[in-house]
Structures are given as structure tokens and as C-alpha cells.
Amino acid sequence: MFLRLQLSRQLSRLRSSLFRRPKRAGRRRLSVLKLEDRRLPDASFAVVGGALVLNGFDAGDTLTIETTAPDQNQFTLTNGIWDASDDDSGDLFTLSAGGQVLTVNASPDVVNRVAVHSGAGDLAGVNDGDAGVQMRLLGIRGGGDVVLDNPANNFQIISAEAESLVLTDSDDIALNGITVSDSLSISAGGSINDVAGTVLDVGGNASFRGTDIVLGNNAADTTNFGSLSFSASGDVVISEDSGTQISTSDDITMVRRGKSDADVYRRAGCDQCRDHRR
């Protein structure tokens, strides 16, 4: 009897503990703890077959390129950082403490061209620094608004796929594929021409300023501009695959090939001149 009574009491205590309503704790105010701002590496770099390849950018990154010394170029990201794990080549690469500035120390024998390729989305833009850019070949794909307008710039060959492109070159410049959805403006201290078999496709106005301008004259070229303006101290030979719409404030002289020397069209302040083919 005694054992039953003890067992009954223990069961009763167990039920009470299981089904007891918890005590109401005092009210606690919720607070949001601010986490440390973090930037994850997004851009990669490597030398492949003599080309410095920069890629993997996040959408909205802005890249600034500058030649800071002979055989030394800096690549600075505004909204991203370079992946430090790519830095495995000794003295060729140097990263800043924050990872935003990549310095490449290489002669043209080691790096003879630079290829900038967008990643998850197009770059917001590509710019030049205070010292300008001096390099043999620069290729940009998914560049957003590209502005390389420093008078100290000196390229031999450039290719670009972007929304818009403004380029200043101190010497001769060759175009090896330009696809721009908006406007194109190229000013050179020397001649402007294209590489044989290249594509020049500009949705808006294409503006050229140089000594001699020769574009679209190769059989394999594909050349199309929304409208065209130019200024040159020498010869201008531009052949489009579609109708030509000229928009310029300069006096221009146009000669139709195959006609007599007297068959010359001269127009002062020619604006919106359509389909004048050479």
C-alpha cells in the first residue's frame, strides 16, 4: 500500500512538471546588430598566352586603367576587389592592402595585350587614370560606358564591345572590332584605320577626328554607323555596308568613284546628308 502511494505521488509530480505553464519572462526589446561590412572577391586576373585576362567582374563594377611607369599598369576597381588567390606569380602582380588596386609589372615580352571581359553583368564603365594608358592592344567586352580620353593615351590596336566609347590616342590607332549600342567618338593624333576583316557596328553617331581616316575599305569588313561625322587633315575613305548618314559642321568633299574628276560633291555645313556613296 505504501509503495502504491509513493508511486502515485511521483506520477502526480511528473504530470505537474510536464504540463506546468511556463513563467512569463520579462519583456525583452529586440535589437538589430550591425554586421561588419564585407566585400567578397569578384574579379580575377591571369596571364594566358601573353595576354593579361581580367574577368569575373560583378555588374556595376567600374575599372580604371593607368600606366604608372614603363612596363607597369594599374587596374583599380571602384565597387569590387581582386581575388588575391590569383596572385601566384611572384613579382608580376601586386595587390593593394584593400584588394582594389592591381599593379602589373610586365614588359611587352611577357604581356603584349590586355583583355577585359565582363562577368555576371556588364561593367558600369572603364576609365583611364591621370597618367593615361600606353599599351599595344586593349580589348574590352561588356564595358558599359568606356571613356579613355586622356591625351597621353597611346594604343596600337583597340577592340571594344560597350554601350558607348570615347577614345583619345596620341598617335595612329587601328580598330579591330567595335560594337557600340550608343555613340562612338575617336580622336587621334595620327591616322585612324581598321584591321582587315573587322566589324564596326555603331548604333548612334560615330565621330572620327585624325589625320587620315580609312575605314571599311577591305572586302571582308562589315561597317555600319547610325550616323557619321568626321574631321581630318588628310584623306578620308569610309565605306559603309548600309546607307550613309553624314552629320558634320565641316566642309566636306565627296567623290563618286568611277566618275569623272569633275563629279565632285562639296557641301558646306552638311547636316543629315543621306546615302552619298563613294
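Let us look at the structure shown here. This structure is a prediction, so every number in the text was calculated from the model and none was measured.

**Looking at the pairing of strand β11 (residues 154–162)**
With 7 bridges joining them, strand β9 (residues 134–141) and β11 adopt parallel strand pairing. Paired with Leu137 across the bridge in β11 is Ile157. In this sheet, strand β13 (residues 173–180) lies alongside β11 in parallel orientation, the contact comprising 5 bridges. From the neighbouring strand, Ile158 faces β13, where its bridge partner is Leu175.

**A few points about the environment of Thr76**
Among the secondary structure elements, Thr76 is positioned in strand β4 (residues 72–77). Taking the C-alpha atoms as reference points, Thr76 and Leu63, 13 residues apart in sequence, are found 5.6 Å from one another. Each residue touching Thr76, except ones within four places of it in the same chain, is listed here: Thr62, Leu63, Thr64, Gln100 and Val101.

**Topic: the pairing of β9**
Across 4 bridges, strand β7 (residues 113–118) lies against β9 in parallel orientation. Note on β9: the bridge partner recorded for Val114 is Leu138.

**Focus: the environment of Gly189**
You can see Gly189 is positioned in the loop between β14 (184–188) and β15 (192–194). Along the backbone, Gly189 and Gly210 are 21 residues apart, and their C-alpha atoms lie at a distance of 5.9 Å.

**Here's the deal with a negative patch on the surface**
There is a patch of like negative charges on the surface, built from Asp122, Asp145, Glu161, Glu163 and Asp182. Topologically, Asp182 is positioned in the loop between β13 and β14. The exposure class assigned to Asp182 is partly exposed, which follows from its relative accessible area of 44%.

**Examining the packing of aromatic side chains**
Throughout the structure, instances matching the rule amount to 4 aromatic pairs. Both rings, one in Phe45 and one in Trp82, keep their centres 6.0 Å apart while their planes meet at 80 degrees; by these two values the pair is edge-to-face. Taken together, the positions of Phe45 in strand β1 (residues 44–48) and Trp82 in the loop between β4 and β5 (93–95) put the pair 37 residues apart, joining distant regions of the chain. This pair shows no difference in class: Phe45 is buried, exactly as Trp82 is. The structure contains a cluster of three or more aromatic residues connected by ring pairs, namely Phe45, Phe57, Trp82 and Phe93.

The rules we used
- Residues numbered from 1 in each chain as written.
- Predicted model: local features only at pLDDT ≥ 70, side-chain atom pairs only at ≥ 80, totals over all residues.
- Heavy atoms only, no water.
- Pairing = 2+ DSSP bridges.
- Helix = DSSP H or I, 4+ residues; strand = E, 2+ residues; numbered from the N terminus.
- Contact = heavy atoms within 4.5 Å.
- Patch = residues over 30% accessible without salt bridge, like charges linked within 9 Å, V, L, I, M, F, W, Y side chains within 5 Å.
- Areas by Shrake-Rupley, 256 points an atom, 1.4 Å probe, with all protein chains shown as cover.
- Salt bridge = Lys/Arg side-chain N within 4 Å of Asp/Glu carboxyl O.
- Lys, Arg positive; Asp, Glu negative; His and termini not counted.
- Charge placed at Lys NZ, Arg CZ, Asp CG, Glu CD.
- Buried < 20%, exposed > 50% of the residue type's maximum accessible area, 1.4 Å probe, protein only.
- Phe/Tyr/Trp six-rings, centres within 6.5 Å; stacked < 30°, edge-to-face > 60°.

Function cannot be read off these values alone, since they describe shape.
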